[in-house]
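What follows is each chain in one-letter form.
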Amino acid sequence: MQQHTTTTIDVLDVCPRRRIEVELPLSTIEELDNLAAISHSTRETVLAQLINAALISDTPQLPAGEDPIERLAEHAHLTRRRSLELAQGVAER
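Residues numbered from 1 in each chain as written. Predicted model: local features only at pLDDT ≥ 70, side-chain atom pairs only at ≥ 80, totals over all residues. Heavy atoms only, no water.

1. Some thoughts on the packing of helix α2 (residues 26-38) against helix α4 (residues 68-87)
Where α2 meets α4, the axes come as close as 7 Å, and the angle between the chain directions of the two elements is 95 degrees. In this view, α2 runs roughly perpendicular relative to α4, as classed from their interaxial angle. Together, Leu26, Ser27, Thr28, Glu30 and Glu31 of α2 and His75, Thr79, Arg82, Ser83, Leu86 and Ala87 of α4 make up the contact between the two elements. Residue composition of the contact of α2 with α4, grouped by class: 3 nonpolar, 5 polar and 3 charged. (Axes fitted to C-alpha atoms, helices over the stretch in contact; angles between N-to-C directions. Helix = DSSP H or I, 4+ residues; strand = E, 2+ residues; numbered from the N terminus. Parallel < 35°, antiparallel > 145°, perpendicular 65-115°, else oblique. Contact = heavy atoms within 4.5 Å. Nonpolar A, V, L, I, M, F, W, Y, C, P; charged D, E, K, R; others polar.)

2. Quick word on the confidence of the model for the chain
Within the chain, residue pLDDT values average 86, and 85% of them lie at 70 or more. The lowest-confidence element of the chain is helix α1 (residues 8-14), averaging 68 in pLDDT; the highest-confidence one is α2, averaging 96. (pLDDT = per-residue confidence, 0-100.)

3. Describing a negative patch on the surface
A surface patch of negative charge is lined by Glu66, Asp67, Glu70 and Glu74. Given the relative accessible area of 48%, Asp67 is considered partly exposed. (Patch = residues over 30% accessible without salt bridge, like charges linked within 9 Å, V, L, I, M, F, W, Y side chains within 5 Å. Areas by Shrake-Rupley, 256 points an atom, 1.4 Å probe, with all protein chains shown as cover. Salt bridge = Lys/Arg side-chain N within 4 Å of Asp/Glu carboxyl O. Lys, Arg positive; Asp, Glu negative; His and termini not counted. Charge placed at Lys NZ, Arg CZ, Asp CG, Glu CD. Buried < 20%, exposed > 50% of the residue type's maximum accessible area, 1.4 Å probe, protein only.)

4. Notes on α2
A rise of 1.5 Å per residue sets the reference length of α2, with its 13 residues, at 18 Å; its end C-alpha atoms lie 19 Å apart and thus fit the reference within 8%. By the burial criterion, the buried members of α2 are Ser27, Glu30, Leu32 and Ala36. Residues of α2 that are buried make contact with α3 (43-55) and α4. Positive phi appears at His40, one or two residues downstream of α2, with a value of about 55 degrees. (Expected span 1.5 Å × (residues − 1).)

In structure tokens, the structure reads:
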């Protein structure tokens, strides 16, 4: 039996790509930047990892756990509120 020495990262690095542009709420960009800082990465890398993780999920549009719709609604509310604060120049969280 032949052993494969190619890693997932190797495959992703040579995979043909195309740049896309997305518009996100300001607070979502802030969250991506925070995650990127923690992982010493870029927001684009974090976003790509999130997309890849969602694509292998059976229900990428719903978080795991109890009452996912309520959790999504609450997060949407917080996202909107924080985005409005950022647009008005409020820096603190």
